[in-house]
Amino acid sequence: MRAAVLAGTATATTFLYRTLNPPPAEKTEGTKLNQSANLPNQEAIQKGYRTSEALTPLQDITNYNNFYEFDTSKDGVAYAAKGFVTRPWTVSISGLVNKPRTFDIDELLKFDQEERVYRLRCVEGWSMVIPWLGFPLFKLLEKVEPNSQAKYVAFQTLLDPKRMPNQNTGVLQWPYVEGLRLDEAMHPLTIMATGMYGETLPPQDGAPLRLVVPWKYGFKSIKSIVKITLVADEPPTTWNNETPDEYGFYSNVNPSVPHPRWSQATERRIGELGRRKTLLFNGYGEQVAGLYEGMDLVKYF
């Protein structure tokens, strides 16, 4: 019932954004991030690291957010997250690894930061194109050396009701948790994002560190990560726990598998008036379809 109230419909969310959205919040001042050399454009497109589609304006990306730790209204998150403190910040990595370790955010910013221009498809039926900065997750996991028993990667968001005020409510079970299969986590398209548009992430978009998995629905890309655990069994995930008939563990973008309350066949790109067809795996099938060879994508949605 909670999920039904919160998630709404694709039509409602896009309509409300354009007709009822208040003036945008003031831009959060970020810090410029140094980028490593990126691949030539055509090679980057072939690998899925870049798309030639028009970028979603920063104003839209930072004022249309799902981040229930701060607010359940998309236009309220930026205001509620204003002043969110991200220093000090550490991320612990443990579990089935040979070298468990805790990383300071400044250590993570020393990883080569690459620009990745990815499509983001929300389960609610809207989408964006975002120029992220970050580094492949596999580079971080290689530092801790997953052992042979590790099959999945579990992620956890910060739990701090003083800094994330909506955690004082029961709107979800806190902390927010997510998970990937290990091969998904090790795929080169899966990144730890530290910024967008050349600067550090704004609080409403998951500062200081979030996951981005572009072929999955957006709620899989967990924000403000503080803990990563390598495990043998499929870990619990927040929305799958809330309503397992609506939100599967895999949550790969699939136009042929409707949400119980709306179709996933089309989407509205934020900033556009019409709807466009949704692509299987959000258009990254050439790169990731092999991960699911032989799987029933309806059963394992």
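Please read these numbers as outputs of a predicted model, since none were measured by experiment. (Residues numbered from 1 in each chain as written. Predicted model: local features only at pLDDT ≥ 70, side-chain atom pairs only at ≥ 80, totals over all residues. Heavy atoms only, no water.)

1. So, the overall build of the protein chain
Line of reasoning, step 1. What the protein chain contains, in helices and strands, is 10 helices and 12 strands.
Line of reasoning, step 2. In terms of overall dimensions, the protein chain is globule-like: its C-alpha atoms have a radius of gyration of 18 Å, near the 19 Å expected for 301 residues.
Line of reasoning, step 3. Counting only C-alpha atoms, the protein chain reaches 50 × 45 × 45 Å along its principal axes.
Line of reasoning, step 4. Look at the contacts in the protein chain between residues 6 or more apart in sequence, and 73% of them connect residues 24 or more apart.
Line of reasoning, step 5. Summed over all atoms, the accessible surface of the protein chain reaches about 13,200 Å², with 54% contributed by carbon and sulfur. (Helix = DSSP H or I, 4+ residues; strand = E, 2+ residues; numbered from the N terminus. Rg over C-alpha atoms; globule rule 2.2 N^0.38 Å. Contact = heavy atoms within 4.5 Å. Areas by Shrake-Rupley, 256 points an atom, 1.4 Å probe, with all protein chains shown as cover.)

2. What about the environment of E286?
Line of reasoning, step 1. Tracing the backbone through its elements, the reader meets E286 in helix α10 (residues 285–288).
Line of reasoning, step 2. Under the relative-accessibility criterion, E286 is labelled exposed at 75%.
Line of reasoning, step 3. Sequence separation of E286 and Q46 is 240 residues, and the distance between their C-alpha atoms is 9.0 Å. (Buried < 20%, exposed > 50% of the residue type's maximum accessible area, 1.4 Å probe, protein only.)

3. A word on the sheet that holds strand β2 (residues 101–104)
Line of reasoning, step 1. If you trace the five strands from one edge of the open sheet to the other, you get β2-β1-β10-β5-β6, paired in mixed fashion. Pairing within the sheet leaves two strands with one partner each, and these edge strands are β2 and β6 (177–181). Sheet twist, expressed as the mean angle between neighbouring strand axes with direction ignored, is 15°.
Line of reasoning, step 2. Across the sheet, helix α7 (residues 137–144) is in contact with β1 (90–95), β2, β5 (152–157) and β10 (225–231); its angle to β2 comes to roughly 135°. (Pairing = 2+ DSSP bridges. Axes fitted to C-alpha atoms, helices over the stretch in contact; angles between N-to-C directions.)

4. Some thoughts on the pairing of strand β7 (residues 191–196)
Line of reasoning, step 1. Taken across its six residues, β7 has six buried, putting it largely inside the fold.
Line of reasoning, step 2. As paired strands, β7 and strand β8 (residues 199–200) are joined by two bridges and run antiparallel to one another. Bridge pairing in β8 places G195 opposite T200.
Line of reasoning, step 3. Counted between consecutive antiparallel strands, the loop separating β7 from β8 contains two residues, among which Y197 sits at a positive phi close to 50°.

5. Remarks on the confidence of the model for the protein chain
Line of reasoning, step 1. For the protein chain, per-residue confidence averages 93 on the pLDDT scale, and residues scoring 70 or more make up 90% of the total.
Line of reasoning, step 2. Here residues 3–20 is a poorly scored stretch, pLDDT under 50, and it has 39 contacts once near neighbours within four places are set aside; other chains count. (pLDDT = per-residue confidence, 0-100.)

6. Thoughts on the packing of aromatic side chains
Line of reasoning, step 1. Within this structure, the stated rule accounts for 14 aromatic pairs.
Line of reasoning, step 2. Seen in terms of ring centroids, F111 and F135 are 4.5 Å apart; in terms of plane orientation they differ by 20°. Their pairing is stacked. Here F135 lies in strand β4 (residues 126–136) and F111 lies in the loop between α6 (105–108) and β3 (114–121), a separation of 24 residues in the sequence. For the pair F111 and F135, a shared accessibility class is recorded, and that class is buried. (Phe/Tyr/Trp six-rings, centres within 6.5 Å; stacked < 30°, edge-to-face > 60°.)

7. Quick look at the pairing of β4
Line of reasoning, step 1. Most of β4 is tucked away, with 11 of its 11 residues classed as buried.
Line of reasoning, step 2. Here β3 pairs with β4 via eight bridges, running antiparallel. In the strand pairing of β4, E115 is matched with L133.
Line of reasoning, step 3. Linking β3 back to β4 in an antiparallel pair, the connection comprises four residues, with G125 at a positive phi of about 105°.
Line of reasoning, step 4. Note that β4 and β7 share five bridges and pair antiparallel. Across the sheet, residue F135 finds its bridge partner in β7, namely M192.

8. Examining α7
Line of reasoning, step 1. Buried residues of α7: L137, L140, L141 and V144, and no others. The buried residues of α7 all sit within an arc of 95° when viewed along its axis, so they share a single face.
Line of reasoning, step 2. Looking at the residues trailing α7, positive phi occurs at E145, about 60°. (Arc of directions from axis to C-beta.)

9. Remarks on the pattern of salt bridges
Line of reasoning, step 1. Scanning the model with the defined rule gives 18 salt bridges in all.
Line of reasoning, step 2. Measuring nitrogen to oxygen at the nearest pair gives 2.7 Å for the salt bridge that ties R119 to E53. Placement of R119 in strand β3 and of E53 in the loop between α3 (41–47) and α4 (58–61) is noted, with a sequence separation of 66 residues between them.
Line of reasoning, step 3. Note on E53: relative accessible area 23%, which makes it partly exposed.
Line of reasoning, step 4. The partner of R269 in a salt bridge is E53, with the nearest N and O atoms 2.9 Å apart. Of this pair, R269 sits in strand β11 (residues 266–269) while E53 sits in the loop between α3 and α4; the two residues are 216 residues apart in sequence, bridging distant segments of the chain.
Line of reasoning, step 5. Among the ionic contacts, a cluster of salt bridges with common partners joins E53, R119, R121, E267, R269, E272 and R276. (Salt bridge = Lys/Arg side-chain N within 4 Å of Asp/Glu carboxyl O.)

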